Amino acid sequence: MLTMFRWLLRLTVGLIVLMVLSAALVWYFAVRSLPDYNASYRVEGIIAPVEIVRSTENVPHIFAQTDQDVFFALGLAHAQDRLFQMTLLRRAAQGRLAEIHGAVALPADDLARRLGLYRNAQASLEVQDPETRAALTAYAGGVNQWIRIVNDGAMGRGAPEFFLFPDVISYWQPADSLAILKLLAASSTDAAADEIMRARLSLAWPEHGPDILARTDVPADLPRYADLFPGARIGMPERSISPDAARAPLSYLRPGMAMGGNAFGAAPQRTAADASLLANDLHSKLTAPSLFYLARLELASGGVIGATVPGMPLVLSGRSPGLSWALTPTDIDDADIAIEEVQPGNPDRYRGPDGWTSFQTRTEVIRVLDAPNQTVTLRETLNGPVVPGLDPGLRDVTPIGHVATLRWTGASQQDETMSALMGLMRSGTAEEAARALTRVVAPALSVTLADDQRVTHLRAGALPERGPDHPTGGALPSPGWLPETTWQGVTSLAGAFETPARGISIATEEPADAGIRRGRLERLLGDREVHSRDSLIAAQLDVVSPAARALLPLVGANLWFAGDPAAPGTAERQRQDALNLLAEWDGAMNEHLPEPVIYAAWMSALQDRLIRDELGPLSDDIIRLQPGFIDAVFRNRRGAARWCDIVQSAATEDCATIARQALDRAILDLSARFGPDVTSWRWGDVHQARHLHPGLGNLPALGWIMNITQSISGGEFTVARAGLFGSGTQLFDAVNGAGFRGVYDLADPDSSVFIISTGQSGHPLSRHYDDLAGLWRRGEYIGMSLDRDLARAAATGITTLTPAD
């Protein structure tokens, strides 16, 4: 027995030693990939010495003698900090994620291949202007130089994630940057997803289903979808969107999760310092690291500073000495679904305007990790590629014997958007910027410009031209064989400046008739006659929900202070306590308050109760609160109160009854999670910002290390947006939000402030992996100056590049 004990002790000690040695070995190789920001390198591809000056927050300030050398250094800096993220974005655009992630990434790869993102990017390279092609080539050279430095110096493969994925790090190509821009363009539109959902609602309840997504720019007399396609199945479709779709780390193209943003500014006559002010926040899926990366470039046209996206040599939003610019996606219908009839007995032909026509067909092989390679047949028609995986609900609206194709402005192979954005970055005046933006194709953008004299706004992008006899106006999938459904061409949105009459400019990605955040900004900015940088920051961080302020008086009209006080501990007393809190609430979605969680749970339960009896499982795919729909129901606009009656019950329910039942349901669910005391509930307990690592975020152990989770204020309809997209116990997770915020003050440009949602580095062992996340959560910013001497004085590291020759 003693001998056995001794051997067990030795074995335990040996295992502990082995674990410690293994952990030390893992730590050693992981730390090897941390870049040395004070190093000097002799490199090929530059003509004169270059300095990359790192600030305390790890923001690179790049100084060189030529623009090409600046872009070379930006590529190297991006690769130093975000190489794994860059390669993942490239793979997503190429349709090659399955090579490292296995079969789980096959749907994403299949869709990227069918959309032709990389193929169209390669074709578009030839139409970029010479300056942009030179910048793309120099940028690729910088990325590749860092890859060579990593390989030659055995620097841990450049990022610790590469040890876990059998990924051969291919050299960067100029077309790779264009492909990432194509990927962002595809992520910036929900036009096709809205068409598909509208068609599914029409099939579920032909008379009134589409009312849920009603918009003033969509005709109210749309045809029934079943009348367009008699073979379409009428009835309740099954749920299509996975409950975990928003948290899927590889879901770059997600229906209902388009990118967004706010841009607003004040002209000199409305500011305390008689100089323009401009604010911008760009909304994206919350990832670790953030999609955005702060940088300062010293170009021949002057210094520029602001938000970049690793993989592209662009400052998307930022400022130069005399001009500031802010971008948001603009809400246009830039895509259509065309339903094509396949010839019976011959799946290689479809019905075109002139009769049966052969598909354009090619095959591609998708390599899959630890599984057989998949050969996919890609087919195209005159309307565009066949895209069965574009949206999970597409199968519900595609009749038997038909396939769905996509018309999208971003499918152009003559896309000069990269050149347009490069021209914007180099512009010294608003007029120069406007000329550059005429070449934007996709994504369609709202651009706000501020200079010393004014704040102006314009739109840029390609807008489809549909004929007046189009049967659906682009609001529903339409028969692809009808000549009247064919686009008559595309027109540029670029036009004259829109100079606001009162000196306040506001733009969001919201529909013109449902601009809830836009309306809140109009009130915040309009109520003040004179603005400062701090007032724009306050507006940018505003967490008051206009939707809550509008809906609660309507929904609770017959419930406020109704009945005698109930006994403590009863369900009725809980309801009274909750209503009393909401009655005195100002709509602030503060993480420390109970009112936001009561409101959010109530509205979620109410919308579900209103639509589930008519739509069945399809109601699970209505992933966002629809304030306009609830408002119409409780005002009985066009008879919308019909939604309050539960069709399966014998009684006729009114809206007050449904509102009370929904509140009781919400309180019951919250009590089960947080206890019966409604005053102890906190919005921050359920509203968590989850910054997921796109490669390792879903792994149980590594996800705990790589992901960043924070309780935050705000909500879906607040200016400080923290979009909701969840299910079950994570119903109120914030999965998207302002990945970048900036406020630019032209009176004192060096007082302009910036922030991203995580940190500059993508290396989990770097102190810059999440050092900005706490500031972002608290609504704080960092300063970034164009003053060369100030940047050097505050430097924590200077990387020097010298020509190899």
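Residues numbered from 1 in each chain as written. Predicted model: local features only at pLDDT ≥ 70, side-chain atom pairs only at ≥ 80, totals over all residues. Heavy atoms only, no water.

**Some thoughts on the overall build of the protein**
Stated precisely, the cut-off is as follows: Helix and strand definitions follow DSSP, with helices as H or I runs of at least four residues and strands as E runs of at least two, each counted in order from the N terminus. A radius of gyration in this sense is built from C-alpha atoms; the matching globule rule multiplies 2.2 Å by the number of residues raised to 0.38. Exposure categories follow from relative accessible area, calculated using a 1.4 Å probe and restricted to protein chains: below 20% of the type maximum is buried, above 50% is exposed, and the middle band is partly exposed. Working rule for contacts: check all heavy atoms of both residues, and any pair within 4.5 Å makes them a contact. Accessible surface is estimated by sampling points in the Shrake-Rupley manner with a 1.4 Å probe; for residues, cover comes only from the protein chains shown.
Helix and strand content of the protein: 23 helices and 29 strands. Over its C-alpha atoms the protein spans a radius of gyration of 27 Å, differing by no more than 12% from the 28 Å that the globule rule assigns to 805 residues. Dimensions of the protein, computed from the C-alpha atoms along their principal axes, are close to 85 × 80 × 80 Å. For the protein, with 805 residues in total, the buried portion stands at 60%. Across the protein, every contact between residues at least 6 apart in sequence was considered, and the portion connecting residues at least 24 apart equals 71%. Accessible surface, the protein: about 31,100 Å² in total, of which carbon and sulfur atoms supply 54%.

**Let's talk about the confidence of the model for the protein**
Heads up, the rule is: Every residue carries a pLDDT, the predictor's confidence in it, which falls somewhere between 0 and 100.
In the predicted model, the protein carries a mean pLDDT of 90, and the fraction of residues at 70 or more is 93%. Taken element by element, the protein is modelled with least confidence in helix α1 (residues 2-32), mean pLDDT 68, and with most confidence in strand β27 (residues 753-756), mean pLDDT 98.

**Things to note about the nonpolar core**
Condition: In plain words, nonpolar cores are sets of buried Ala, Val, Leu, Ile, Met, Phe, Trp, Tyr and Cys residues tied together by side-chain atoms within 4.5 Å.
Among the nonpolar cores identified, the biggest contains 170 residues, and Leu297 and Leu801 are the most heavily contacted of them. If you tally residues by element for this core, the top one is helix α2 (residues 67-94), at 15 residues. When neighbours within four sequence positions are excluded, Leu801 is seen to be in contact with Tyr41, Val43, Ile46, Ala48, Pro49, Val50, Ile52, Phe72, Ala73 and Leu76. Core analysis: the next-biggest nonpolar cluster, separate from the first, contains 59 residues, Leu551, Leu554, Ala632 and Phe732 among them.

**Quick word on the packing of helix α17 (residues 595-615) against helix α19 (residues 655-674)**
Formally: Axes here mean lines fitted to C-alpha atoms, for a helix over just the part in contact, with angles spanning 0 to 180 degrees between N-to-C directions. Working definition: roughly parallel below 35 degrees, roughly antiparallel above 145 degrees, roughly perpendicular at 65 to 115 degrees, and oblique for all remaining angles. Rotating anticlockwise by less than a right angle from the far helix to the near helix defines a left-handed crossing, while the corresponding clockwise rotation defines a right-handed one. Asp, Glu, Lys and Arg are counted as charged, while Ala, Val, Leu, Ile, Met, Phe, Trp, Tyr, Cys and Pro are counted as nonpolar; the rest, among them Gly, fall into the polar class.
Across the interface, α17 lies against α19 with an axial gap of 8 Å and an inter-helix angle of 125°. By the angle class used here, α17 and α19 are oblique. For α17 against α19, the interelement crossing comes out right-handed. Packed against α17, whose contacting residues are Val597, Ile598, Ala601, Trp602, Ala605, Leu606, Arg609 and Leu610, the element α19 presents Ile658, Ala659, Gln661, Ala662, Leu663, Arg665, Ala666 and Leu670 at the interface. Among the residues forming the contact of α17 with α19, the class breakdown is 13 nonpolar, one polar and two charged.

**Remarks on the pairing of strand β22 (residues 504-508)**
Within β22, five of the five residues are buried, which leaves it mostly tucked inside the rest of the structure. Residues Ile504, Ile506 and Thr508 point to one face of β22 and Ser505 and Ala507 to the other, with burial holding for every one of them.

**Quick notes on the side chain of His470**
As a reminder of what qualifies: Polar contact is the term for a pair of N or O atoms within 3.5 Å; when the atoms are in protein, one must be able to donate a hydrogen and the other to accept it, and sequence-neighboring residues count only if both atoms are side-chain atoms.
Mapped onto the secondary structure, His470 falls in the loop between β19 (462-465) and β20 (478-479). Looking at His470, its side chain comes within polar contact range of the main-chain nitrogen of Thr472, at 3.1 Å. There is a polar contact of 3.0 Å between the side chain of His470 and the backbone nitrogen of Gly473.

**So, the sheet that holds strand β16 (residues 402-408)**
As a reminder, the rule being used: Strands were regarded as paired on the criterion that DSSP finds at least two bridges between them.
Read from one edge of the open sheet, three strands run β16-β10-β20, paired in mixed fashion. Strands at the two margins of the open sheet, each flanked by one partner only, are β16 and β20. Both strand β10 (residues 335-341) and β16 contribute to a ladder of seven bridges, which runs antiparallel. Bridged to Ala338 within β16 is Thr405.

**Some points on the environment of Gly703**
With respect to the helices and strands, Gly703 occurs in helix α21 (residues 700-706). Note on Gly703: relative accessible area 5%, which makes it buried. Counting along the chain gives 339 residues from Gly703 to Glu364, while the straight-line C-alpha distance between them is 33 Å. The residues contacting Gly703, other than those within four sequence positions of it, are Leu696 and Gly697.

**Description of the sheet that holds strand β17 (residues 445-450)**
Pairing is mixed across the open sheet formed by 10 strands, whose spatial order is β1-β29-β2-β3-β6-β7-β8-β9-β17-β18. Looking at which strands have only one partner, the edges of the open sheet turn out to be β1 (40-43) and β18 (455-460). The mean inter-strand angle of the sheet, taken between neighbouring strand axes irrespective of direction, is 20°. Direction of pairing for β1 relative to strand β29 (residues 797-803): parallel, over a ladder of four bridges. Pairing of Tyr41 across the sheet is with Leu801, part of β29. Across the sheet, α2 is in contact with β1, β2 (50-54), β3 (60-63), β6 (293-299), β7 (302-308) and β29; its angle to β6 comes to roughly 160°. Relative to strand β9 (residues 324-329), helix α11 (residues 417-426) is tilted by about 150°, and along the sheet it contacts β6, β7, β9 and β17.

**Some points on the pairing of strand β24 (residues 708-711)**
With burial as the criterion, only one face of β24 is covered, namely that bearing Ile708 and Gln710; the residues Thr709 and Ser711 on the opposite face remain uncovered. Where strand β23 (residues 688-691) lies against β24, four bridges are found, and the strand directions are antiparallel. Residue pairing across strands places Gln688 opposite Ser711, the latter belonging to β24.

**Topic: the packing of α17 against helix α18 (residues 627-634)**
Relative orientation of the contacting elements α17 and α18 amounts to 70°, with a least axis distance of 11 Å. Taken together, the axis directions place α17 and α18 in an arrangement best described as roughly perpendicular. Remark: the crossing between α17 and α18 carries left-handed chirality. Where α17 approaches α18, its residues Leu606, Gln607, Leu610 and Ile611 are matched on the opposing element by Phe629, Ile630, Val633 and Phe634. Considered class by class, the residues forming the contact of α17 with α18 number seven nonpolar, one polar and no charged.

**Some points on the packing of aromatic side chains**
Formally: We call Phe, Tyr and Trp rings a pair once their centres come within 6.5 Å, taking the six-membered ring for Trp, and we label the pair stacked below 30 degrees between planes, edge-to-face above 60, and tilted otherwise. Counted as over-ring charges are cases with an Arg CZ or a Lys NZ within 6 Å of the ring centre that also lie within 35 degrees of the ring normal.
All told, the structure shown has 12 aromatic pairs when counted by the stated rule. Between the aromatic rings of Phe84 and Phe162, the centroid separation amounts to 5.4 Å while the plane-to-plane angle is 75°, which identifies the pairing as edge-to-face. Of this pair, Phe84 sits in helix α2 while Phe162 is found in the loop between α6 (130-153) and α7 (174-186), placing the two residues 78 residues apart along the sequence. Judged by its relative accessible area of 5%, Phe84 falls in the buried class. Where Tyr225 meets Phe229, the ring centres are 5.1 Å apart and the plane angle is 50°; that geometry is what we call tilted. The class of Tyr225 is buried, set by a relative accessible area of 0%. Its relative accessible area of 2% is what places Phe229 among the buried residues. By way of ring pairs, the aromatic residues Phe84, Phe162 and Phe165 are connected into one cluster. Between Arg379 and the ring centre of Phe359, over which it is positioned, the NZ or CZ distance is 4.4 Å.

**Some words on the pattern of salt bridges**
Which entries qualify depends on this criterion: A pairing counts as a salt bridge when a side-chain nitrogen of Lys or Arg comes within 4 Å of a carboxyl oxygen of Asp or Glu.
Using the criterion set out here, one finds 44 salt bridges in the structure. Note that Asp534 and Arg533 form a salt bridge whose closest N and O atoms lie 3.3 Å from each other. Its relative accessible area of 47% is what places Asp534 among the partly exposed residues. The class of Arg533 is partly exposed, set by a relative accessible area of 25%. Each member of the salt-bridge network shares a partner with another, and the members are Arg113, Arg119, Arg362, Glu364 and Glu380.

**Section: the environment of Ala112**
Mapped onto the secondary structure, Ala112 falls in helix α4 (residues 106-115). For the pair Ala112 and Arg91, spaced 21 residues apart in sequence, the C-alpha separation works out to 9.5 Å. If we ignore the near neighbours within four places in the chain, the residues touching Ala112 are Ala92, Ala93, Gly95 and Leu117.

**Considerations on a nonpolar patch on the surface**
Stated precisely, the cut-off is as follows: Patch members must show over 30% relative accessible area and no salt bridge, and they are joined within 9 Å when carrying like charges or within 5 Å when they are nonpolar side chains of Val, Leu, Ile, Met, Phe, Trp or Tyr.
On the surface, a cluster of nonpolar side chains totalling about 520 Å² of accessible area is made up of Met4, Leu8, Leu11, Leu15 and Leu18. Overall, the relative accessible area of 52% leaves Leu11 in the exposed class.

**What about α19?**
Every α-helix carries 3.6 residues per turn, so stepping three or four residues along brings you back to the same face. So the rule is basically this: A helix is expected to span 1.5 Å for every residue after the first.
Between the first and last C-alpha of α19 there are 28 Å, a value that for 20 residues agrees with the 28 Å anticipated at 1.5 Å per step. Tucked inside the fold, the buried residues of α19 contact α15 (546-555), α16 (571-583), α17 and α18. Looking one or two residues past α19, Gly675 carries a phi angle of roughly 95°, positive in sign.

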